[in-house]
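Residue-level structural notes
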Amino acid sequence: MRFLTAFFVGLLCSAAVAQAQSSDPPAPRVTLDIALPPPANHRLSGLGPPGRLAVGADGSIYVVTSSFLPSSGGILPARSAHIELLAYTRDGTQKYRTVLPVQAGVGPTGFNAESLGVVAFPSGETMVFLSSSNTRVALPQDERSVTTLFRIDANGKVQSAASVLPAADVAGAFYRARFYLPTADNGLVVGGSFGPDPLSWWIGKFDAVGRRVWQAGPGPAYPEDVYGLAVKPDGSVSAIIQEVEQMSGLSEWTIARFGADGTPRGRVRFDRLGASFVLLPGFWVSGIDAFQTANAPGLARLSEQGKVLGGASWPFDQTRRLIADGDGVAAVVCAAAGPLCFVVRAGVDGKIRWQSPPGSFTDIARTPDGQIVAVSWSADMLSASLVRFADP
């Protein structure tokens, strides 16, 4: 608790510094704006956690979309549904558009993608992880799955579609992931939660052909989740986990470390600082939302040993997504008073480098040359576009 006290004292002291920052940060340049068209007569669905956007080593952009053709009344299962992977070159030319062979059942809004994430590899290959809450699928069960890991080659051809078995023997369970990270051995680390809703925290590593190499979790109770995940150069994994203590029923927040082979390497507890975390060299950064503190929202820096290293003022009520951006962060941030959000670049001192015009953003990713790509949605969440921002 003394670490939190020191943090909030520092945050109050930094308020005077924040007053010196312009109330109107500069706007970024828009270097790309591409509509993401659904199939004819279909609607896009933006429901579900983030993870649907990735950028390749050459600046290529990959986005995975979910779409559906609603039934006449909108209550019965959709008349058709698609999961597509769209790839674009750095200049915005479409490389391919691939419909993935999804096996899950169809609900009123399509495949009900609780997990839908894509990662890109230096070879130009990609992997897509899909888990649906439509648990009614055709028999036999061992030939069809509500969770599938797809491998797609550089030309957009599906190389494999591996069924992902449940993390535990629980009826009606699915994965709700929020982190998808490529590994140096062409594998994938996924983090989030698993179970029938409400869910327990879970992390899994998959190899290049979709086989699960190791997993940590599911956690002992619910609701639980993974709020930060990072793969280090040596293949080891660091995670921010919220876990429910079985005896007390209270939440515990921990920094957990795992070896490249999944071997646990220890945990440290810390007092909750926020719900969005990203690992920078040497420390975690967390965005503290207005509803999580009696004080003003802020950014906190947390060592991997669980010690608060410092904090800064942060002029946004909610931080929905944080990613590493050089020596700072890029984020999707929102105001409590309205539905519109912003994409920002900022230092860990809370100073805003630029702020996009308002919009509805669900995913962001950094390009090799330091630009920020975002998935931007219409107000009704039925159409979307790719927007790339650069420094003013």
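Below or above, wherever it landed, is the structure these notes cover. (Residues numbered from 1 in each chain as written. Predicted model: local features only at pLDDT ≥ 70, side-chain atom pairs only at ≥ 80, totals over all residues. Heavy atoms only, no water.)

**Brief notes about the pattern of salt bridges**
Counted under the stated rule, the structure contains 14 salt bridges. For Arg 176, the salt bridge is made with Glu 114, and the minimal N-O distance between the two is 2.9 Å. With Arg 176 in strand E11 (residues 174-182) and Glu 114 in strand E7 (residues 113-120), this residue pair connects regions lying 62 residues apart in the sequence. Two residues, Arg 345 and Asp 391, come together in a salt bridge whose shortest N-O distance is 2.6 Å. In this pair, Arg 345 sits in strand E25 (residues 341-347) while Asp 391 sits in the segment after strand E29 (384-390), placing the two residues 46 residues apart along the sequence. (Salt bridge = Lys/Arg side-chain N within 4 Å of Asp/Glu carboxyl O. Helix = DSSP H or I, 4+ residues; strand = E, 2+ residues; numbered from the N terminus.)

**Thoughts on the sheet that holds strand E19 (residues 276-280)**
Strand pairing within a sheet occurs via backbone hydrogen bonds; the two strands may be parallel or antiparallel. Within the open sheet, the 4 strands sit side by side as E19-E20-E21-E22. Their pairing is antiparallel. Only two strands of the sheet have a single neighbouring strand rather than two, namely E19 and strand E22 (308-313). This sheet shows a mean twist of 20 degrees between the axes of neighbouring strands, independent of strand direction. Pairing analysis gives 5 bridges linking E19 to strand E20 (residues 283-288), with the strands arranged antiparallel. The partner of Leu 280 across the bridge, within E20, is Phe 283. (Pairing = 2+ DSSP bridges. Axes fitted to C-alpha atoms, helices over the stretch in contact; angles between N-to-C directions.)

**Concerning the layout of surface pockets**
Considering only enclosed or pocket space, the largest pocket measures out at about 1,200 Å³ in volume. Lining the largest pocket are 38 residues, with Tyr 180, Leu 181, Pro 182, Ile 323 and Ala 324 sitting closest to its centre. If you list the elements that add at least two residues to the lining of the largest pocket, you get strand E3 (53-55), E7, E11, strand E15 (225-231), E19, strand E23 (318-325) and strand E27 (360-366). Among the elements that make up the lining of the largest pocket, the one with the highest residue count is E11 (5 residues). (1 Å grid on protein atoms, 1.4 Å probe; cavity = no way out; pocket = protein on both sides within 12 Å on 5 of 7 lines; lining within 4 Å. Points joined across faces, edges and corners; volume = space filled by probe spheres on them.)

**Considerations on the state of the cysteines**
Under the defined criterion, the tally for this structure stands at 1 disulfide. In this model, Cys 334 is linked to Cys 341 through a disulfide, with the two sulfur atoms separated by 2.0 Å. What sets the handedness of the Cys 334 and Cys 341 disulfide is the S-S torsion sign, and at about 95 degrees it is right-handed. The pair formed by Cys 334 and Cys 341 is uniform in burial state, with each residue classed as buried. (Disulfide = S-S within 2.5 Å. Buried < 20%, exposed > 50% of the residue type's maximum accessible area, 1.4 Å probe, protein only.)

**Quick word on the nonpolar core**
Grouped burial of nonpolar side chains is what soluble globular proteins tend to show. Ranked by internal contacts, the top residues of the largest apolar core, which has 22 residues, are Ile 83, Leu 85, Val 102 and Val 128. Breaking this core down by element, the ones donating at least two residues are strand E4 (61-69), strand E5 (80-88), E7, strand E8 (126-132) and strand E9 (147-152). Every residue in contact with Val 102, bar those within four places of it in the chain, is listed here: Ile 83, Phe 111, Leu 130 and Phe 150. (Core = buried A, V, L, I, M, F, W, Y, C linked by side-chain atoms within 4.5 Å. Contact = heavy atoms within 4.5 Å.)

**Points about the packing of aromatic side chains**
Tallied over the full model, the rule gives 14 aromatic pairs. Their ring planes at 55 degrees and their centres at 4.6 Å tell us that Tyr 175 and Trp 202 sit as a pair that is tilted. With Tyr 175 in strand E11 and Trp 202 in strand E13 (residues 200-206), the pair connects residues that are 27 residues apart, well separated along the chain. The exposure class assigned to Tyr 175 is buried, which follows from its relative accessible area of 1%. For the ring pair Phe 270 and Phe 277, a centre distance of 6.1 Å and an interplane angle of 70 degrees mean the geometry is edge-to-face. Judged by its relative accessible area of 3%, Phe 277 is buried. An aromatic cluster of at least three residues, connected via ring pairs, comprises Phe 129, Tyr 175, Tyr 180, Phe 194, Trp 202 and Phe 206. If you follow Arg 151 out to its NZ or CZ, it ends over the ring of Phe 121, 4.4 Å from the centre. Stacked on the ring of Phe 283, the Lys or Arg Arg 301 has its end atom at 5.8 Å from the ring centre. (Phe/Tyr/Trp six-rings, centres within 6.5 Å; stacked < 30°, edge-to-face > 60°. Lys NZ or Arg CZ within 6 Å of the ring centre and 35° of its normal.)

Geometric values such as these leave the question of function open.
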